Amino acid sequence: MKILGAKVIVCSPGRNFVTLKIETDEGIYGLGDATLNGRELAVVSYLEDHLVPCLIGRDPFQTEDIWHYFYRGAYWRRGPVTMTAIAAIDMALWDIKGKALGVPVYNLLGGKSRNSVLVYAHATGRDIGETVDEVERYRQKGYLAIRAQSGIPGLASTYGVPKDQKYYEPAERGLPSESLWSTEKYLRHVPKLFEALRNTLGDDLHLLHDVHHRLTPIQAARLGKELEPFHLFWMEDPVAAELQDGFRLIRQHTTTPLAVGEVFNSIWDAEQLMREQLIDYLRMSIVHGGGITAMKKAADFAALYHVQTGAHGASDMSPVCMGAALHLDLAINNFGIQEHMLHNAQTEETFPHAYFFRDGSMYPGDEPGLGVDIKEDVAARFPYERAYLPVNRKEDGTLFHW
Ligand code: GCO
Ligand code: MG
């Protein structure tokens, strides 16, 4: 089998998605997600101008060699744009391999290691009362694990909280908006949120929280300690993770489990964190972590250090990535949990998929390949629209982590 060509499809059914479609001489095609929130067109150019021409004529079964060709062979390694582009190619090739062999991709990765994939949903509210109600609403839908975020008294906008009644969607159309931040107000508020959640909902539910990179190590240590009585499943991205050493300090102070990695694009971003057992869950996604080939290796390395996976699955991972994630989640032994942020109705219409949700878990389905397709005529109805994540400032105007 030979690769005949590949095209990059950009669409915006409510938010922007970039999809790579690789076509072969046997009529089989494969899909890969290439979406990098707010930097979508950089990946489109990287693929169209630099990688796709090198793919023509290759054997799509050579997932390992093609991955190294683009990673090692390019001389310039790593970085989110590069690794998202490589990931898209890798996902599409695994999709082709599965379709050609007539098997779902999980069977090429080791087969089923479990019956179902535990997922967590996002519950947010403008205040503690609304968040408690939202968590309860998700519990009634069957979710066993729920991430809880709430507006912070005295701050006009908060990460994770929708501005109107729609589902939370972090990227906004147009140029970046600006949010305001106060570490003090945040640190005073969050323990009260989890105290209210446990008092109202009891101990059974898995509760998660995303700090979104905003604390220093000693502040994160304080928050982790104050959250210990509420037994969180994890505290996510407590600090900006460039300084891997910073996690030692957090770890010395708290037993609240730590999850990190949604912005990582290479195993080297997490190697020290895993080797020194400074984290409990690796959040790298297939689309930003270099593909199925790279993430299978990262998961196997994590297993050596008792680190489990907890892949990023926000709405900016397209259904193609979600499908790919579920195949890997089902196949590896050290799977922990999968994030599941719902896509809107237009996205569901654009990307028909075999995966489904039932009783708190998800299933990739048994279709050959990844089990996700794209309706190009529907995608064409939703052209690209410039959109960015917000920029964050402290109340005195200092630029801060978003
Ligand atoms: C999460 C994430 C998202 C990101 C978004 C950025 O845990 O789901 O933090 O909300 O902010 O995916 O592109
Ligand atoms: Mg996050």
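Residues numbered from 1 in each chain as written. Chains lettered and ligands numbered in written order. Predicted model: local features only at pLDDT ≥ 70, side-chain atom pairs only at ≥ 80, totals over all residues. Heavy atoms only, no water.

Asks: Break down the overall build of the chain for me, citing the residues and quoting the values.
Replies: Helix and strand counts for the chain come out as twelve helices and 18 strands. In terms of overall size, the chain behaves like a compact globule, its C-alpha atoms giving a radius of gyration of 20 Å where 402 residues would be expected to give roughly 21 Å. C-alpha extents for the chain along the principal axes are approximately 60 × 45 × 45 Å. When the 402 residues of the chain are sorted by exposure, 58% land in the buried category. The long-range fraction of contacts in the chain, counting pairs at least 24 apart against all pairs at least 6 apart in sequence, stands at 73%. (Helix = DSSP H or I, 4+ residues; strand = E, 2+ residues; numbered from the N terminus. Rg over C-alpha atoms; globule rule 2.2 N^0.38 Å. Buried < 20%, exposed > 50% of the residue type's maximum accessible area, 1.4 Å probe, protein only. Contact = heavy atoms within 4.5 Å.)

Asks: Please give an account of the site of ligand 1 that cites residues and values.
Replies: Residues in close proximity to ligand 1 total 15 residues, the closest being Y159, H212, E262, D316 and E339. The contact in question runs from an oxygen atom of ligand 1 to an N or O atom on the side chain of H312, over 3.0 Å. Taking 340 Å² as the accessible area of ligand 1 by itself, protein coverage stands at 94%. Of the residues that constitute the shell around ligand 1, the class distribution is four nonpolar, four polar and seven charged. (Near = heavy atom within 4 Å. Polar contact = N/O pair within 3.5 Å; in protein donor to acceptor, adjacent residues only side chain to side chain. Areas by Shrake-Rupley, 256 points an atom, 1.4 Å probe, with all protein chains shown as cover. Nonpolar A, V, L, I, M, F, W, Y, C, P; charged D, E, K, R; others polar.)

Asks: Please give an account of helix α10 (residues 319-331) that cites residues and values.
Replies: With 13 residues, α10 extends 19 Å from end C-alpha to end C-alpha; this agrees with the ideal 18 Å at 1.5 Å per step. Most of α10 is tucked away, with 13 of its 13 residues classed as buried. (Expected span 1.5 Å × (residues − 1).)

Asks: Which residues make up the coordination of the magnesium ion (ligand 2), and what values do they have?
Replies: Ligation of the magnesium ion (ligand 2) by protein atoms is provided by D210 (OD), E236 (OE) and E262 (OE), these donors lying 1.9 to 2.2 Å from the ion. All donor residues of the magnesium ion (ligand 2) come from one chain, and their arrangement in sequence is D-x25-E-x25-E. Note that D210 is positioned in strand β8 (residues 206-210) and E262 in the loop between β10 (258-260) and α8 (271-275), a separation of 52 residues in sequence. (Donors = N, O, S within 2.8 Å, 3.2 Å for Na, K, Ca; no water.)

Asks: Summarise the domain arrangement of the chain; cite the residues concerned and give the values.
Replies: The domains assigned to the chain are domain 1 (3-104) and domain 2 (108-368). In this assembly, 36 residues from domain 1 lie in contact with 36 residues from domain 2. Across the domain 1/domain 2 interface, buried area totals approximately 2800 Å², and carbon plus sulfur atoms make up 61% of it. Taken together, domain 1 and domain 2 are joined by three salt bridges. D269 is the salt-bridge partner of R78, the closest N and O atoms lying 2.8 Å from each other. (Domains from an automatic or database assignment. Buried area = accessible area lost by both parts, 1.4 Å probe. Salt bridge = Lys/Arg side-chain N within 4 Å of Asp/Glu carboxyl O.)

Asks: Help me get a handle on the packing of aromatic side chains, residues and values and all.
Replies: Evaluated as defined, the whole model comprises 15 aromatic pairs. Relative to F70, the ring of Y69 lies with its centre 5.4 Å away and its plane at 85 degrees, an arrangement referred to as edge-to-face. Y69 gets classed as partly exposed once you look at its relative accessible area, which sits at 38%. Residues Y159 and W402 carry aromatic rings whose centres are separated by 5.5 Å and whose planes lie at 80 degrees to one another, so their mutual orientation is edge-to-face. Taken together, the residues Y159 in the loop between β5 (145-150) and β6 (172-173) and W402 in the segment after β18 (399-400) connect sequence positions 243 residues apart. Take Y159 and W402: they sit in the same class, and that class is buried. (Phe/Tyr/Trp six-rings, centres within 6.5 Å; stacked < 30°, edge-to-face > 60°.)

Asks: Explain the packing of helix α1 (residues 40-55) against helix α2 (residues 63-71) to me, using residue names and the numbers behind them.
Replies: In the contact formed by α1 and α2, the axes pass within 12 Å of each other and the chain directions differ by 145 degrees. Relative to α2, the crossing made by α1 is right-handed. On α2, the residues touching L51, C54 and L55 of α1 are I66, Y69 and F70. Residue classes in the contact of α1 with α2 are distributed as six nonpolar, no polar and no charged. (Axes fitted to C-alpha atoms, helices over the stretch in contact; angles between N-to-C directions. Left-handed = near helix turned anticlockwise from the far one by under 90°.)

Asks: Kindly report on unusual backbone geometry, identifying the contributing residues and their values.
Replies: Despite not being glycine, D237 has its phi angle at roughly 40 degrees, a positive value. Tracing the chain through its elements places D237 in the loop between β9 (234-236) and α7 (246-253). For Q277, which is not glycine, the phi torsion reads 55 degrees and is therefore positive. Mapped onto the elements, Q277 comes out in the loop between α8 and β11 (281-282).

Asks: Which residues make up the sheet that holds strand β2 (residues 17-24), and what are the values?
Replies: Whether parallel or antiparallel, the strands of a sheet pair through hydrogen bonds between backbone atoms. Spatially, the three strands line up as an open sheet ordered β1-β2-β3, and their pairing is antiparallel. Because the sheet does not close on itself, it has two edges, and the strands there are β1 (3-11) and β3 (29-33). Strand after strand, the sheet turns through a mean of 20 degrees between neighbouring axes, direction not considered. Bridge count for β2 against β3 is five bridges, and the pairing is antiparallel. (Pairing = 2+ DSSP bridges.)

Asks: Outline the side chain of R283, supporting the account with residue identities and numerical values.
Replies: The topology assignment puts R283 in the loop between β11 and α9 (292-304). If we skip the residues at most four places from it in the chain, R283 touches Y120, W234, E236, A259, V260, G261, E262, G310, A311, H312 and E339.

Asks: Any chance you could break down the environment of G224 for me, citing the residues and the numbers?
Replies: With respect to the secondary-structure elements, G224 resides in helix α6 (residues 217-227). When its relative accessible area of 0% is taken as the criterion, G224 is described as buried. For the pair G224 and R126, spaced 98 residues apart in the sequence, the C-alpha separation amounts to 23 Å. Beyond its immediate chain neighbours, meaning those up to four positions away, G224 contacts M235, T254 and T256.

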